Amino acid sequence: MRIGELAKQITPPFIWSAGKRLVRRRQGATDESIPRPEWRTVHAGVIAGCQMLLDTTSNFARLITEGNYEPILTQWLVSHVQPEMVCYDLGGHVGYFTCVMAKLAHKGHVHVCEPFEGNVATIEAIVAKNGLGNVTVHRCAVSDTNGVVALRGPVDRTGSGPSSMSYLVRGGGVQTLSAERTYPLFREYSVESRTLDKVSDAVPDLLKIDVEGAEAMVVAGAQAWMDRGHTPLFAIETHGVQEALACTAFFMRNGYRYEVLETAKPRPAVVWYKKSDG
């Protein structure tokens, strides 16, 4: 087996495609010659019929179009999102969970927050293409700060490749092999940040949070709601032991209980309920 073939086999698809784009740039390739996300129809699942803008070089695109992306968390949302709910999607990436919540809360509203420029453009295009009038896109990070913060993300701003791994510098990112390979290719951006209680005047009933190591900074902004007796549902992908401990301390202090959705996953989603809720 040739070295190039072996490297492709052991490298995650989105990193492989991002690396190819970087090499092509260094070899003088124009922006027009670099692959861009393409429109694909979702054929099964909650958002069957939706048009998604996807990097078709990745396995991620196939999972979404076949209705097999994050099935356990998706099913949890199906079971808990009610038609008139207000939902927050924090860390919108390319809009999959935004679309799921928009379909389920079709009489309510979805607020999606995403700081990386390419992902924001993708989400806005998907919202427009699918006529999702109950979605508001916020071009911002969510943390414990209102103002400008540093974000590290791909040089390629199109939203393809490893844009899901963009992270707030103060959050520190994640400690994984993929991160070790990918983070050196990132550059730093200045982005707007809001605390959770400043995202919108509409207080959420349910939040999905996937923010690459900034989870504790995000949930701290919910204290003002809880002090007023509003206790929404949270589904959080927690990155790292320290984030898990900090989030656990916050929620336990506020009378929540938890459920781990998928124990076999390295970073499973943990859902938090008020103890009196079902």
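Scroll up for the structure.
Calculation notes
Residues numbered from 1 in each chain as written. Predicted model: local features only at pLDDT ≥ 70, side-chain atom pairs only at ≥ 80, totals over all residues. Heavy atoms only, no water. Helix = DSSP H or I, 4+ residues; strand = E, 2+ residues; numbered from the N terminus. Buried < 20%, exposed > 50% of the residue type's maximum accessible area, 1.4 Å probe, protein only. Polar contact = N/O pair within 3.5 Å; in protein donor to acceptor, adjacent residues only side chain to side chain. Contact = heavy atoms within 4.5 Å. Pairing = 2+ DSSP bridges.

(A) The environment of Gly-118, seen in detail. Secondary-structure assignment places Gly-118 in helix H6 (residues 117-129). Relative accessible area serves as the criterion here: at 3%, Gly-118 is assigned to the buried category. For the pair Gly-118 and Ser-163, spaced 45 residues apart in sequence, the C-alpha separation works out to 7.9 Å.

(B) Quick look at the side chain of Thr-195. Topologically, Thr-195 is positioned in the loop between strand E9 (186-194) and strand E10 (206-209). For Thr-195, a relative accessible area of 11% translates into the label buried. In terms of polar contacts, Thr-195 uses its side chain to reach the side chain of Asp-197, at 2.8 Å. In this structure Thr-195 touches Val-142, Ser-143, Asp-144, Thr-145 and Asn-146, once residues within four positions along its chain are discounted.

(C) Quick peek at the sheet that holds strand E7 (residues 147-154). Across the sheet, 4 strands lie side by side as E6-E9-E7-E8; this open sheet has mixed pairing. Single-partner strands in this sheet number two, and they are strand E6 (141-142) and strand E8 (167-168). Of the pairings in the sheet, the one linking E6 to E9 comprises 2 bridges and is parallel in character. Looking across to E9, one finds that Val-142 is bridged to Arg-194.

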